[in-house]
Amino acid sequence: MPIRHLRHLWSIIAYSWRAIGPRRIATRLLAYSTDADARAADSGFDARFGTDTTTGLTPVEAALPAARRRGATMYLPSMDADLDAMLTALAWPDALLRAATFVDVGSGKGRALFLAAMRPFRATRGVELSPVLHAIAERNLAIMRRHRALAAPIELELGDATALAVPPGPLVLYLYHPFREPIAAKVIDRVVAAVAARPRPAAILYGHPTLQRPLDDDVFCRGGMFRRCHAGARVTRSFRIGWSIWTNQAWLVDVPGAPAALAVGA
Ligand SMILES: C[S@@+](CC[C@H](N)C(=O)[O-])C[C@H]1O[C@@H](n2cnc3c(N)ncnc32)[C@H](O)[C@@H]1O
């Protein structure tokens, strides 16, 4: 086995040891290796486009700054079916999607962003802390553009989610379990402050694919702006991908002067 594969394996074991503990590593590895449904959930995105979005990278391999590694999760791509399920449950009308920006916080190699940009969003934006993943995402984006597979513009940004610049207009914020509560709290606070300053429809889509504990609901309720409106899961024999959707619809209805058409559409 080439030395880089051994290094990758070691990095995954070290990460999982800390994240889920040695006993669960063994049982989960065994379960996953015999779980055809779980492995089949990857719809072949890379095979279709020739991109590199599938292989996981730990925070060490992704060269995250040491101070951010503990709070971060490892890179794993979203699966088409899960993002589809979340956007279908959100059920924003086309007119609202066409006015909205989709922001993937912790965009990794860009898979979720590419899937979103195949829909009629006004714009899509990914923010990723890892220079390694950001560079791969840029290469993938060039490939996707050659395929002319994207309907919406994409912007990739190398940066820390805690300094997120919230775009104007209707907002769909996507979090695929990128980090733990302390960082998530800072991100939600920024979103709440930006949306309170310029009221508009906003939604948070949160997927939690890992074997780790999902983010506490309290994080999404910070500032009293977002309420959970849907939740779901895809369960295979060896793991569960859960998701929840939070919107500011109820909050918006009570905001004097909020655009009525958008409030109804949210
Ligand atoms: C589970 S991956 C999700 C990848 C992508 N969103 C997708 O769904 O395909 C989480 C990503 O969050 C990134 N991340 C972790 N901490 C971050 C931070 N403070 N700011 C920006 N990105 C961060 C990780 O490097 C990793 O790429």
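Source: prediction; values computed, not measured.

A. Main features of the packing of aromatic side chains. For the structure on display, the rule yields seven aromatic pairs. Pairing Y174 with Y176 gives two aromatic rings, centres 6.2 Å apart and planes at 15°, and the pair type is stacked. Assessed through its relative accessible area of 11%, Y176 is described here as buried. An angle of 40° between the planes, with centres 5.1 Å apart, marks the rings of Y206 and F220 as tilted. Residue Y206 is found in strand 5 (residues 202–208), and its partner F220 is found in helix 11 (residues 217–220); the two are separated by 14 residues along the sequence. Pair check on accessibility: Y206 and F220 agree, each one buried. Among the aromatic side chains, those forming a connected cluster through ring pairs are F102, F121, Y174 and Y176.

B. Structural view of the site of the ligand. Not every one of the 24 residues close to the ligand is listed here, only the nearest: S78, D104, G106, E128 and A161. Taking S78, its side chain carries an N or O atom lying 2.4 Å from an oxygen atom of the ligand. A distance of 3.1 Å is found between a nitrogen atom of the ligand and a side-chain nitrogen or oxygen belonging to D160. Computed on the free molecule, the ligand has an accessible area of 610 Å², of which 99% lies beneath the protein chains in the complex. Among the elements of the structure, helix 8 (111–117) and strand 4 (171–176) are those that each provide at least two residues to the shell around the ligand. In the shell around the ligand, the residues fall into 14 nonpolar, five polar and five charged.

Conventions used here
Residues numbered from 1 in each chain as written. Predicted model: local features only at pLDDT ≥ 70, side-chain atom pairs only at ≥ 80, totals over all residues. Heavy atoms only, no water. Phe/Tyr/Trp six-rings, centres within 6.5 Å; stacked < 30°, edge-to-face > 60°. Buried < 20%, exposed > 50% of the residue type's maximum accessible area, 1.4 Å probe, protein only. Helix = DSSP H or I, 4+ residues; strand = E, 2+ residues; numbered from the N terminus. Near = heavy atom within 4 Å. Polar contact = N/O pair within 3.5 Å; in protein donor to acceptor, adjacent residues only side chain to side chain. Areas by Shrake-Rupley, 256 points an atom, 1.4 Å probe, with all protein chains shown as cover. Nonpolar A, V, L, I, M, F, W, Y, C, P; charged D, E, K, R; others polar.

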